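Fold and contact review
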Amino acid sequence: MSTAYADGPIALRGALVWCEDDPFLSSEEQAFRHEADGLVICRDGKIAAAGSYASLKGELPPDIAVADYRGHLIAPGFIDTHIHFVQTGIMGAHGRQLLDWLERHTFPAEHAFADQTVARTTARVFCDELLRNGTTTALVFCSVHPQSVDALFEEASQRGLLIVAGKVLMDRNAPSALLDTAQTGYDQSKALLNKWHGRGRLRYAVTPRFAGTSTPEQLELAGALWKEHPDAHMQTHIAENEREVAWIREIFPKRRDYFDIYAHFGLTGRRAVLAHGIHLDESELCRCHESGTAIAHCPTSNTFLGSGLFRLRDARDAKRPVEIGLGTDIGAGTSFSLLATMGEAYKVSQLAHAPIDAIEAFYLATLGGARALDLGGRIGSLAPGQDADLVILDPNATPLMAFRTRSVSSVKEMLAVLMTFGDDRAVKATYAAGHLVHERPSSAGG
Ligand code: GUN
Ligand code: ZN
């Protein structure tokens, strides 16, 4: 990791791109901003000003060195609304669908996080990988072990990342070494929440894995804990796989449907993020909308596990728009890159016969993700007062990208090319809260 920490104000010049509003619900002109020759001035970890270089150069503090990113796009740092740091080591474990994949690959891998050294080493790799991909905020599942949460938060705080994370709660249907109980899960989560939530940029999420691995007692105590700390977050999985949905219906016969299980235990509402939601029906989507419950759409995971095609445009229907962010869902997901995830969201939306465009994909990876986490007032755009989390994108990162970029005629097309070809090579630099935390060596990438 490169850590060229700068004190005091910083300024960056390049082409600026950001969303001020939701392009699914308003016109592209209203939602999307582009400054071909732009300037961002950051002070005390926040964006002080962003606009055209010509209009803002007079506001530059004397003697400030302007980082020159002309030829690049300067965008808000990417936001990953669903990822498992403890599954970094099982990416690409193929051949199974969800329930078998959990049993065969995921649970065995998560055992190892009882060991503090494994947790620390993996947290280091994980946080560096986020930065190499321009991701400055993530909503993260840890393992059932409290020390896995400590390891992640310690590494994240050293890098200035805004991480929301929690200890997984599981008290049934998993190997016994991975189980807590309703009470120990509550106690451990509460202690972690009190230790980490609001410390620097870190935030806690109450994290029942999914209805299949928690008893009603555990879901009830998870709901009670969240109610005691309503400004914390809640994350779980829902309606990812048809076999899973049928099984959940069997084990919660009294509940109307999958969403109703979480609603019943007080686990829905603003700051709740449900991963996947592929097989939710119209009535469940309505209740997501009404309650402010968000869904993390994880396209690379959904195709890798053969889970199904999320109907993204339907979920965002203006009649009852559900807040949606993008998730990589490592380790079922196949890339840490939100650019690649935008590209796969586009392909899945094509297969569902309702394609999104590049601006909509970009919104989901930035301001849409922030709003899904209920952090839209703080991250996800370049508006003054936002945290200075920035990613610098290089449209000429590889010889093929440079060749393709020569014929691009609009910034929207440039974003489409970046999400089609883009991966960590397209990330020139990453800034977290006004600090340069990753810089791609200039010799790499082509
Ligand atoms: N459902 C419950 N646990 C998991 C998990 O770890 N990954 C995915 N993709 N789905 C889940
Ligand atoms: Zn997941």
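Treat the numbers as computed from the prediction; the structure is a model and nothing was measured.

Notes on the overall build of the protein chain
From N to C terminus, the protein chain includes 17 helices and 16 strands. Structurally, the protein chain occupies a C-alpha span of about 65 × 45 × 40 Å along its principal axes. Burial statistics for the protein chain: of 446 residues in total, 61% are counted as buried. Here the contacts in the protein chain between residues at least 6 apart in sequence split such that 75% fall between residues at least 24 apart. Charge separation in the protein chain, taken as the distance between the mean sites of 43 positive and 54 negative side-chain charges, equals 1 Å.

Topic: the coordination of the zinc ion (ligand 2)
Summarising the metal site, the zinc ion (ligand 2) is bound by the protein donors His 82 (NE2), His 84 (NE2), His 237 (NE2) and Asp 329 (OD), whose distances to it range over 2.0 to 2.4 Å. Written as a sequence motif, the donor arrangement for the zinc ion (ligand 2) is H-x1-H-x152-H-x91-D. One end of the pair, His 84, is in strand E5 (residues 78-84); the other, His 237, is in strand E10 (residues 233-238), with 153 residues separating them in the sequence. With respect to burial, His 84 and His 237 carry one shared label: buried.

Concerning empty space enclosed by the protein
Applying the stated criterion to the full structure yields four cavities of 30 Å³ or more. Volume-wise, the largest cavity comes out at about 110 Å³. Residue lining of the largest cavity: 15 residues in total, with Leu 98, Trp 101, Leu 102, His 237 and Glu 240 positioned closest to the centre. The leading source of residues in the lining of the largest cavity is helix H3 (residues 98-111), at three residues. Its residues assigned to classes, the lining of the largest cavity comprises six nonpolar, five polar and four charged. By volume, the second largest cavity is sized at about 40 Å³. Within the lining of the second largest cavity, the residues separate by chemical class into one nonpolar, one polar and five charged.

A closer look at the side chain of Thr 106
Turning to its location among the elements, Thr 106 is positioned in helix H3. Relative accessible area serves as the criterion here: at 0%, Thr 106 is assigned to the buried category.

So, the state of the cysteines
What the rule picks out here adds up to zero disulfides. This cysteine, Cys 19, is not joined by any disulfide, and Cys 42 carries the nearest cysteine sulfur, 18 Å off. Residue Cys 19 is classed as buried on the basis of its relative accessible area of 0%. Of all cysteine sulfurs in the structure, the one in Cys 142 sits closest to Cys 127, which takes part in no disulfide; the separation is 9.8 Å.

Considerations on the pattern of salt bridges
One pass over the structure, following the stated rule, counts 35 salt bridges. Close ionic contact of Glu 20 with Arg 33 constitutes a salt bridge, the shortest N to O distance being 3.1 Å. You can see Glu 20 sitting in the loop between strand E1 (10-19) and helix H1 (28-31) and its partner Arg 33 sitting in strand E2 (residues 32-43), a full 13 residues away along the chain. We classify Arg 33 as partly exposed; its relative accessible area is 28%. With a closest N to O distance of 3.5 Å, Arg 404 and Glu 413 form a salt bridge. Residue Arg 404 is classed as partly exposed on the basis of its relative accessible area, which comes to 29%. Exposure remark for Glu 413: the relative accessible area of 23% places this residue in the partly exposed category.

Topic: the layout of surface pockets
The method is simple in principle: a probe with the dimensions of a water molecule rolls over the atoms, and the space it marks as empty is what remains. For the largest pocket, the calculated volume is near 160 Å³. Residue lining of the largest pocket: 13 residues in total, with Val 245, Arg 249, Asp 257, Tyr 258 and Glu 284 positioned closest to the centre. Broken down by secondary-structure element, the contributors of at least two residues to the lining of the largest pocket are helix H8 (242-251) and helix H9 (258-264). Its residues assigned to classes, the lining of the largest pocket comprises six nonpolar, one polar and six charged.

A look at the pairing of strand E4 (residues 66-76)
Two strands pair when backbone bridges link them, and E1 and E4 are joined in this way by five bridges, in the parallel orientation. Its bridge partner being in E4, Ala 15 is matched across the sheet by Leu 73. Relative to strand E14 (residues 390-393), E4 runs antiparallel, the two sharing four bridges. The partner of Pro 76 across the bridge, within E14, is Leu 390.

Points about the site of ligand 1
Around ligand 1, the neighbouring residues are His 84, Gln 87, Leu 98, Trp 101, Leu 102, Arg 209, Phe 210, His 237, Glu 240, His 276 and Asp 329. Arg 209 places a polar side-chain atom, nitrogen or oxygen, 2.7 Å from an oxygen atom of ligand 1. The contact in question runs from a nitrogen atom of ligand 1 to an N or O atom on the side chain of Glu 240, over 2.7 Å. At a threshold of 2 Å from the grid points, most atoms of ligand 1 map onto the largest cavity. Per element, the largest residue contribution to the shell around ligand 1 is three residues, and it comes from H3.

Side note on the pairing of strand E15 (residues 427-432)
Within a regular strand, side chains alternate between the sheet's two faces. Counting buried positions over the six residues of E15 gives five, a clear majority of the element. As paired elements, E14 and E15 share four bridges and run antiparallel to each other. When the sheet's bridge partners are listed, Ile 392 is paired in E15 with Ala 429. When E15 meets strand E16 (residues 435-439), the two strands line up antiparallel, connected through four bridges. Among the inter-strand pairings, Ala 432 is bridged to a residue of E16, identified as His 435. Between E15 and E16, which pair antiparallel in sequence order, lie two residues; one of them, Ala 433, sits at a positive phi of approximately 45°.

Thresholds, definitions, all that
- Residues numbered from 1 in each chain as written.
- Chains lettered and ligands numbered in written order.
- Predicted model: local features only at pLDDT ≥ 70, side-chain atom pairs only at ≥ 80, totals over all residues.
- Heavy atoms only, no water.
- Helix = DSSP H or I, 4+ residues; strand = E, 2+ residues; numbered from the N terminus.
- Buried < 20%, exposed > 50% of the residue type's maximum accessible area, 1.4 Å probe, protein only.
- Contact = heavy atoms within 4.5 Å.
- Lys, Arg positive; Asp, Glu negative; His and termini not counted.
- Charge placed at Lys NZ, Arg CZ, Asp CG, Glu CD.
- Donors = N, O, S within 2.8 Å, 3.2 Å for Na, K, Ca; no water.
- 1 Å grid on protein atoms, 1.4 Å probe; cavity = no way out; pocket = protein on both sides within 12 Å on 5 of 7 lines; lining within 4 Å.
- Points joined across faces, edges and corners; volume = space filled by probe spheres on them.
- Nonpolar A, V, L, I, M, F, W, Y, C, P; charged D, E, K, R; others polar.
- Disulfide = S-S within 2.5 Å.
- Salt bridge = Lys/Arg side-chain N within 4 Å of Asp/Glu carboxyl O.
- Pairing = 2+ DSSP bridges.
- Near = heavy atom within 4 Å.
- Polar contact = N/O pair within 3.5 Å; in protein donor to acceptor, adjacent residues only side chain to side chain.
- Sits in = over half its atoms within 2 Å of the grid points.

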